[in-house]
Amino acid sequence: MEKKITSSFSHKFKKLLTKGRKELDELIERIEQHREELKDFIEKYEKHFEDIDGQLRSFRKKIEEIRKQKRYIVEIKNFIDKNVERAVLDISGYNPVRYLVYDNIVPDGTELHFVGRDKELKELMNWVDDSVKLIEIKGGAGVGKSTLAYHFGKELQKKGYLVGIPVLSRSLESLEENLKRRLESNQGRSVFIVEVKPVESEKGETFYLTRVGLNVLLNLLVTGLLSTLIVVCRDESYEVLREMLEPLRSKETVGRNRILESKKVLSVKGLDKDSVSEIIRSIWSDRKEIIDENLEEILRLGKIDDEHFNPLISILAASWIAQKGKGSLKGLTAHQFLKEYVNEVFFKKGLVSDNLRKAYRYIATARILEKDDLFKLFRSDENIIEPGSWKEFLELLAPYEYEGYYRILPDIFNDVIFWSQCYENVKSYTEIFLNKGLAHYLPGIAYNLAVLFNNCRHGEIDVKKEDIIEKANDFISYLKDNKEVDLSHYVKSLMNLLLGKIPVAEKCIDHDKLLEGSKDGAKIYNLNLETLLMYTYARMISNFSVNDMSEQFIASLRNIEPYVEKIIKGREMFYADFYSMIISQISDEKKPSEAKEWFDAVIEHAGETAEKLEYDKWFFLRNIYSGTIFQISGDKKPDEAREWFDAVIEHAGKTAEKLGRDVEEFIANVYSGIIWFISLVEKPDEAREWFDAIIEHAKERAEEFGYDKKEFVANVYSTIILFFSDKRKPSEAREWFDAVIEHAGKTAE
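Worth saying up front: this structure is predicted, and the values here are computed from it rather than measured.

The rules behind these values
- Residues numbered from 1 in each chain as written.
- Predicted model: local features only at pLDDT ≥ 70, side-chain atom pairs only at ≥ 80, totals over all residues.
- Heavy atoms only, no water.
- pLDDT = per-residue confidence, 0-100.
- Helix = DSSP H or I, 4+ residues; strand = E, 2+ residues; numbered from the N terminus.
- Contact = heavy atoms within 4.5 Å.
- Phe/Tyr/Trp six-rings, centres within 6.5 Å; stacked < 30°, edge-to-face > 60°.
- Buried < 20%, exposed > 50% of the residue type's maximum accessible area, 1.4 Å probe, protein only.
- Lys NZ or Arg CZ within 6 Å of the ring centre and 35° of its normal.
- Core = buried A, V, L, I, M, F, W, Y, C linked by side-chain atoms within 4.5 Å.
- Pairing = 2+ DSSP bridges.
- Axes fitted to C-alpha atoms, helices over the stretch in contact; angles between N-to-C directions.
- Parallel < 35°, antiparallel > 145°, perpendicular 65-115°, else oblique.
- Nonpolar A, V, L, I, M, F, W, Y, C, P; charged D, E, K, R; others polar.
- Salt bridge = Lys/Arg side-chain N within 4 Å of Asp/Glu carboxyl O.

This part takes up the confidence of the model for the protein. Considering every residue of the protein, the mean pLDDT works out to 77; 72% of them sit at 70 or more. The element-level mean pLDDT for the protein is lowest in helix 3 (residues 96–100), coming to 32, with helix 21 (residues 465–481) highest at 93. Long-range and interchain partners of residues 69–111, a stretch whose pLDDT sits below 50, account for 111 contacts in this model, where long-range means more than four residues apart. Within the model, the stretch residues 167–171 combines pLDDT values under 50 with 17 contacts to residues more than four positions away or in other chains.

What follows is the structure in structure tokens.
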């Protein structure tokens with residue numbers, strides 16, 4: 001029995017074992033199969049892992065590159081947060097008629113034709129394709145420079161460029177988006193277009209391109225994050241832009257100097273007659289008969305010169321004819337028409353509410369207003385706007401609003417509204433803004449006065465120049481005497497008047513406020529305080545000559561002298577620079593024949609200063625003549641400066657005769673001094689055009705005066721080398737030393 005049980009168990013065990021082995025074999029077979037599959041899988045994706053590892057290494061490299069640029073990125077972010085997005089409120093690629101002629105003169109949906117700018121577009125495109133870093137587009141109000149910039153931006157986008165050009169409701173791309181894409185993709189050149197504006201907010205955030213803003217944008221150009229910067233400005237603002245750029249030069253930042261020296265400037269005039277006619281006919285195609293019948297009268301108002309017409313004024317004149325009929329423009333000048341147009345559209349009784357008319361005046365006076373600040377102004381009067389009507393009121397202002405700020409657009413309308421509606425009450429507006437804690441808008445009022453004065457000087461408006469000067473001086477005197485006015489607002493307002501060529505009497509200046517208020521500006525803009533103050537005083541003096549005020553010019557030279565001496569503290573080169581600044585500023589507005597009286601007066605006063613301070617008069621006056629041409633060279637090409645170049649050298653010769661010194665030696669030293677001054681801020685290759693022109697001019701003058709040409713030019717070269725050996729270490733002067741010797745060799749050949 002026991003044997004039978006054992007045999008049965010053994011049989012069952014063998015059966016189970018056989019089955020188990022079979023299942024194990026099957027399991028092993030499946031495992032082997034999965035192993036092969038896994039092996040195939042690993043082999044298949046191993047290459048992918050290698051690619052990913054390579055990508056990670058490349059990514060780490062890019063991260064490292066970005067880290068190296070961290071300080072620039074932080075600077076960009078801070079600048080974007082505080083300045084850039086609101087620095088460019090109105091590059092106006094929109095239809096101005098649709099925003100401003102809102103009483104159905106032009107049907108909704110009408111598009112203005114963009115014509116007549118093929119030459120300008122081609123020139124701009126060539127500059128960008130040639131890697132020009134800085135381009136300036138300048139022109140008068142309403143000539144189409146902003147529209148040109150907008151359409152050029154669209155053309156750049158078509159060619160694959162990254163383009164930032166903030167436009168009211170039609171932004172192609174912000175600077176932030178532009179740079180972000182540039183960093184992420186490293187593809188496509190990055191272009192940004194910005195417009196110069198003259199207004200500032202309460203918190204110091206700028207709504208226009210300031211020197212601080214330019215500083216940051218130039219850094220972006222130097223580092224290559226931004227490929228090209230295009231700056232758009234009015235003719236009236238161009239000098240502001242020039243003065244913003246000039247202090248940003250530095251012998252320590254060669255890359256920036258090269259950008260500034262290689263910049264290109266496009267002066268935009270109006271359109272030709274056929275282009276303006278085409279635009280007008282395209283808008284009023286359903287009124288063709290009356291438009292054609294009055295086309296010459298329409299074009300007369302828009303005429304700039306025989307070849308150019310202001311498209312905006314012409315369009316508005318056509319809208320006037322289309323609405324009011326034949327003869328409605330008869331006898332009007334362009335600015336008289338604009339005044340009539342503005343009064344009709346913005347201020348005619350019954351067309352808009354009293355509230356809206358008042359808002360227009362506030363906005364035009366300040367040039368821009370924050371929504372909250374507009375509310376503060378209206379709260380200054382009881383029950384102007386009922387609480388429940390505020391929303392409706394803001395809706396009426398909607399066409400002029402951008403991110404919480406209001407403007408009258410475009411600038412030409414702002415100018416005319418200020419002239420026709422606000423100018424007579426400048427003092428009361430100043431008091432209102434100041435009393436409501438809105439002093440940061442005071443520089444905008446000063447800028448308005450400057451624009452009005454510029455239009456008056458050119459005979460475009462029926463306001464006496466003397467009246468504007470009196471109002472501007474009363475305005476700055478009020479700020480001077482008011483303890484509530486912040487120093488920076490006082491200084492910025494004063495500078496806006498001075499840059500607008502308005503003569504400001506010395507009695508209207510608080511010199512202590514000017515000194516203290518300029519300190520912050522010098523720190524912010526990384527400027528030498530003495531240079532900033534000298535420029536301000538030089539501008540104060542030169543404005544009297546620009547306005548043919550002889551007696552005041554002479555008086556200001558003497559009255560301002562103690563304050564200049566206090567700044568300069570006896571430093572001879574600084575004093576020479578000061579006199580050079582005055583003459584170069586006069587040269588911006590006057591031909592040498594028109595400026596002889598002022599030129600003589602400056603040199604005479606400089607001679608007296610040299611005697612009083614016991615300077616060597618020969619060297620002192622030589623430095624003034626050299627410095628004058630050097631300063632002129634920063635703004636003009638040699639052929640543009642030729643008339644003044646001739647006049648300065650001729651004047652220098654007469655001065656040498658009066659001093660009883662060797663005329664030939666004195667003039668040779670003047671030429672050498674010009675090149676010496678240029679060498680302080682530029683490298684030889686950057687200064688090549690002017691270097692060539694100076695030597696060529698020296699050869700011509702030698703021939704004219706009967707000097708030995710070879711000996712005279714050799715004297716110029718040797719004196720340059722003498723300057724280098726006397727003033728600079730050999731290592732610092734090596735590049736220029738080599739350039740002078742090479743240039744002399746070529747001249748000898």
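Taken as a whole, this structure holds 28 aromatic pairs when the rule is applied. Between Tyr579 and Phe620, the ring centres sit 6.2 Å apart and the planes meet at 90°, which makes this aromatic pair edge-to-face. Pair noted here: Tyr579 is in helix 26 (residues 572–589) and Phe620 is in helix 28 (residues 617–633), with a separation of 41 residues, a long-range link. In this structure, Tyr579 and Phe620 share a single accessibility class: buried. Of the aromatic side chains, those joined through ring pairs into one cluster are Phe599, Trp618, Phe619, Tyr625, Trp644 and Phe666. The residue whose ring lies beneath Lys339 is Trp419, and the NZ or CZ to ring-centre distance is 4.9 Å. The ring of Tyr423 has Lys471 lying over it, and the distance from NZ or CZ to the ring centre is 4.8 Å.

Here the focus is the nonpolar core. In terms of nonpolar packing, the biggest core is built from 176 residues, with Phe337, Leu397, Phe433, Phe553, Phe578, Ile582 and Phe620 touching the most fellow members. It is helix 30 (residues 663–679) that contributes the most residues to this core, 11 residues altogether. Of all hydrophobic cores here, the second largest spans 21 residues; its members include Leu121, Leu124, Leu148 and Val191.

Right, let's get into the side chain of Lys590. Residue position: Lys590 is located in the loop between helix 26 and helix 27 (592–612). Among the residues examined, Lys590 registers a relative accessible area of 12% and is labelled buried. If we skip the residues at most four places from it in the chain, Lys590 touches Ser545, Val546, Asp548, Ala595, Trp598 and Trp644.

Here we come to the sheet that holds strand 2 (residues 162–164). Ordered by their spatial adjacency, five strands build an open sheet running 2-3-4-1-5, and the pairing between neighbours is parallel. Both outer strands of the open sheet, strand 2 and strand 5 (264–268), are each paired with one neighbouring strand and no more. When the angles between neighbouring strand axes are averaged without regard to direction, this sheet yields 15°. Here strand 1 (residues 134–139) runs beside strand 5; their pairing, made up of five bridges, is parallel. When the sheet's bridge partners are listed, Ile137 is paired in strand 5 with Leu266. With respect to the sheet, helix 4 (residues 118–129) is in contact with strand 1, strand 3 (190–195), strand 4 (228–234) and strand 5, its orientation differing from that of strand 5 by roughly 170°.

It is at 11 Å that the axes of helix 30 and helix 31 (residues 688–705) come closest, and there the two elements cross at 175°. The angle between the axes of helix 30 and helix 31 places the two elements in the roughly antiparallel class. Contacts from Ile667, Tyr671, Ile674, Ile675 and Ile678 in helix 30 reach Trp690, Phe691, Ile694, Ile695, His697, Ala698, Arg701 and Phe705 in helix 31. Looking at the contact of helix 30 with helix 31, its residues break down into 11 nonpolar, one polar and one charged.

The subject of this paragraph is unusual backbone geometry. Its identity as a non-glycine residue notwithstanding, Arg367 has a phi of 75°, on the positive side. Positive phi values are uncommon outside glycine, yet Lys501 reaches one of about 70°. Residue placement: Lys501 occurs in the loop between helix 22 (487–499) and helix 23 (511–524).

Where helix 15 (residues 354–366) contacts helix 19 (residues 426–435), the two axes come as close as 11 Å, and the packing angle between them is 90°. In terms of their interaxial angle, helix 15 and helix 19 are classed as roughly perpendicular. From helix 15, Arg361, Tyr362, Thr365 and Ala366 reach across to helix 19, where they touch Tyr429, Ile432 and Phe433. Its residues assigned to classes, the contact of helix 15 with helix 19 comprises five nonpolar, one polar and one charged.

For the rest of this paragraph, the subject is the pattern of salt bridges. One pass over the full model with this rule turns up 35 salt bridges. Measuring nitrogen to oxygen at the nearest pair gives 2.9 Å for the salt bridge that ties Asp292 to Arg281. On the criterion of sequence distance, the pair formed by Asp292 in helix 11 (residues 288–293) and Arg281 in helix 10 (residues 273–283) is long-range, its members being 11 residues apart. Note on Arg281: relative accessible area 36%, which makes it partly exposed. Residue Arg300 pairs with Glu297 through a salt bridge whose shortest N-O separation is 2.9 Å. Of this pair, Arg300 and Glu297 both sit in helix 12 (residues 295–302), three residues apart, which is roughly one turn of that helix. One connected set of salt bridges, linked through shared partners, spans Arg642, Asp646, Glu700, Arg701 and Glu704.

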